[in-house]
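Okay, here's what each chain looks like letter by letter:
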Amino acid sequence: MNPSMSEIKKRNILSEVALGNIPPDILITNGILFNVFTREFIKKQSIWIKDGMIAYVGPDHHPPRDEKTLVIDADGMVLLPGLIDGHTHTISNRFGIEEFIRHVIPTGVTTVITETIELATIVGKDGIEYLVKGLEGQPIRFYYTVAPLCGLTPFEEINAPLNEELLPFLKDPKCLGIGEIYWGNIFLEGNQGERVRELASMGLELGKRVEGHTAGATGRKLQAYTDFGVSSCHEPITEKEVLERLRLGYWVMIREGSIRKELEGVKGIFKKKIDFRRLVLSTDGVDPEGFLTEGYLDASLRSALKLGVPPKLAYQMVTINVAEHFHLDHLIGSLSPGKMADILIIPSPDDFSPQWVMCYGKIIYRDGKSLVEPKKVFFPDTMFNTVKVPENIFSSKGGALAEPTGALAKVGKVRVMELVTRLVTQERIVDLEDTEESKDVIMILAINRLGTGEAFKGFLKGFGLQRGAYGTTMSWDSPDMIVVGCDTQSMETVIGRLKEIGGGGVYAIGKEVVAEFPAPLCGVTSLKPMEIVGEEVRKLEESLRENGVKWEKPTLTVDTLGTAAIPHLRITHHGYVNLKDRKILSFEV
């Protein structure tokens, strides 16, 4: 393919600037430059910038200038490339795109690579399309991956576009590949497995990446999964798992965000005498509490530095390593000639607190103040009307689980979903007539909220709720509303209120709504300011804890009960699902 005349002209101008024949737009002087290729901190360096790109990097502080040249004296501070978050979810953490951008700008992240799962699970192709449009023209740079939409069963994948419908996205230069494919799904028989295998092959044929999700995969299973062209994973939680994947050629993305924080568990890897150029630090998403109290990828980076990860390695993990994985190193990830002028100025190698943030050669943050605002994002009205649940769901579906009072029925031995951790579950058989054995068992209801009225009632043990009910429409990888509760009246109140507010999370006791978090965009996202979102979620989780729930981030616990991403027993509106063999199970033994 021949380069465009505009590209040739742009490169010619950069060359002339480097030769001293054309003045730069911006001149940064007297900085300690971090060279990502050699891992050196080089003193007394300058950067010449023209048309948003770097023309020259080196010790010459005196290029020709004109009245328009902006001179920035770094005053001995450190110059870094803008950070790159290689794996995140921009809208799965309760807030919208604009709020995400507004709070990312001060952190020094100038490039974000996001998944596109959440809206697409509910409205299909439109969910990807409107999200992608919302990422365009923003003050920071966005790339995306196409969501494979891996559900527990084919019923959860009802809105997955046909693979050929995804082809225009895959041909988009801003699309870097296929999003995380849960390893178990790629081995499924029938159309469910064939669809994701074909999608991975389509991505590879177009030169795109296939992002992985290998939680629980080891040995031959892991290698068989890797044979489908998967090249990265953000799921390793031990030093052993990190090393196993590095040896298979993976780019390993160490997760340090709101879902999990893995640095402490894998820190031993940094003492190994191995090549770290395929090691990446990413967030996998940060919730409002995390953003407002700690930060974003900047917080992850500070955690790595605090653990003793050498700054020269830590900064590679959030710049050049990510860029090389996604074939973006010709544009970003380094401070070198011909690259985009995404530049941070920080006080010292050990003190990551951005004083200046530049993206596309434009200063977007300086001395504690953002200088730009996000572009407004549009979503159609249809995406705010997605919670469609029939009336009287309890009288029409499985009333045998409850006594006439609405309390849990004592019906003998039943199959129960038991929480082992706040995310992992297991199957257990419990005798509800045994007082000790049935302690802490409550009802759980999964309802298809897209209008079919299909529902399944089962049992949940270990959540800790002692009064009332909690429900969510923010279920991962599923169009189901999930409600957990101690009595049917509270559960009915929750369902009714979720319909009224267009989705989100609601906690009720009897007929009274105690706390709620409205998330009307596809029932998964709020468009309110992050501070308000954070406060609403805080009150909701506080109410749950006050009424017996013992887990950290209890709303997340319920959100994840229907995903294929986490073992072992899951729930859908058709029944429990054994993740290992995908068999649908009833509560009856």
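Quick caveat, the model's predicted, so the values are computed rather than measured. (Residues numbered from 1 in each chain as written. Predicted model: local features only at pLDDT ≥ 70, side-chain atom pairs only at ≥ 80, totals over all residues. Heavy atoms only, no water.)

## A look at the pattern of salt bridges
One pass over the structure, following the stated rule, counts 31 salt bridges. The partner of Arg 102 in a salt bridge is Glu 373, with the nearest N and O atoms 2.9 Å apart. Placement of the pair is Arg 102 in helix H2 (residues 97-104) and Glu 373 in the loop between strand S17 (369-370) and helix H15 (393-396), with a sequence separation of 271 residues. Judged by relative accessible area, Glu 373 falls into the exposed class, the value being 54%. One salt bridge connects Glu 427 with Arg 415, and the closest N-O pair in it is separated by 2.7 Å. Here the residue Glu 427 occupies a position in strand S19 (residues 425-431), and Arg 415 occupies one in strand S18 (residues 413-419), the gap between them amounting to 12 residues. Judged by its relative accessible area of 13%, Arg 415 falls in the buried class. Via salt bridges that share partners, Glu 235, Arg 255, Arg 260, Glu 262 and Asp 284 belong to a single interconnected network. (Salt bridge = Lys/Arg side-chain N within 4 Å of Asp/Glu carboxyl O. Helix = DSSP H or I, 4+ residues; strand = E, 2+ residues; numbered from the N terminus. Buried < 20%, exposed > 50% of the residue type's maximum accessible area, 1.4 Å probe, protein only.)

## Looking at the domain arrangement of the protein chain
Taken domain by domain, the protein chain comprises domain 1 (5-76), domain 2 (80-370) and domain 3 (382-585). On a C-alpha basis, the centroid separation for the pair domain 1 and domain 3 is 56 Å. (Domains from an automatic or database assignment.)

## Regarding the sheet that holds S18
Whether parallel or antiparallel, the strands of a sheet pair through hydrogen bonds between backbone atoms. Here 8 strands make up an open sheet; going across it, the order is S19-S18-S21-S20-S23-S22-S24-S25 and the pairing mixed. Of all the strands in the sheet, the pair left with one neighbour each is S19 and strand S25 (512-518). Strand-to-strand twist of the sheet, defined as the mean angle between neighbouring strand axes without regard to direction, takes the value 25 degrees. In this structure, strand S22 (residues 469-472) lies alongside strand S24 (residues 504-509), joined through 4 bridges in antiparallel fashion. Within S24, the residue paired with Gly 471 across the bridge is Val 506. Most of the contacts of helix H16 (residues 488-501) go to S24, to which it runs at about 145 degrees, and overall it touches strand S20 (441-448), S22, strand S23 (480-485), S24 and S25. Across the sheet, helix H17 (residues 530-546) is in contact with S22, S24 and S25; its angle to S25 comes to roughly 140 degrees. (Pairing = 2+ DSSP bridges. Axes fitted to C-alpha atoms, helices over the stretch in contact; angles between N-to-C directions. Contact = heavy atoms within 4.5 Å.)

## Here's the deal with the pairing of strand S26 (residues 569-572)
Of the two faces of S26, both are covered, the one formed by Leu 569 and Ile 571 as well as the one formed by Arg 570 and Thr 572. Examined bridge by bridge, S26 and strand S27 (residues 575-578) share 4 bridges and lie antiparallel to one another. Bridging from a neighbouring strand, Ile 571 pairs with Tyr 576 of S27. Between S26 and S27, which follow one another and run antiparallel, lie 2 residues.

## A closer look at the sheet that holds S27
Across the sheet, which stays open at both edges, the 3 strands sit in the order S26-S27-S28 with antiparallel pairing between neighbours. Edge positions in the sheet fall to S26 and strand S28 (584-585), since each of these pairs with one other strand and no more. Bridging between S27 and S28 involves 2 bridges; their strand directions are antiparallel. Bridging from a neighbouring strand, Tyr 576 pairs with Leu 585 of S28.

## With respect to the environment of Val 322
Within the secondary structure layout, Val 322 lies in helix H14 (residues 320-325). Assessed through its relative accessible area of 1%, Val 322 is described here as buried. Residues Val 322 and Lys 439, 117 residues apart in the sequence, show an inter-C-alpha distance of 48 Å. Excluding residues that lie within four positions of it along the chain, Val 322 makes contacts with Ile 84, Gly 86, Ile 113, Val 280 and Met 317.

## Structural notes on the packing of aromatic side chains
Evaluation of the coordinates by the stated rule reveals 16 aromatic pairs. Between the aromatic rings of Phe 456 and Tyr 576, the centroid separation amounts to 5.1 Å while the plane-to-plane angle is 75 degrees, which identifies the pairing as edge-to-face. Residue Phe 456 is located in strand S21 (residues 455-461), and its partner Tyr 576 is located in strand S27; the two are separated by 120 residues in the primary sequence. Among the aromatic residues, ring-to-ring pairing joins Phe 95, Phe 100, Phe 142, Phe 291 and Tyr 296 into one connected group. (Phe/Tyr/Trp six-rings, centres within 6.5 Å; stacked < 30°, edge-to-face > 60°.)

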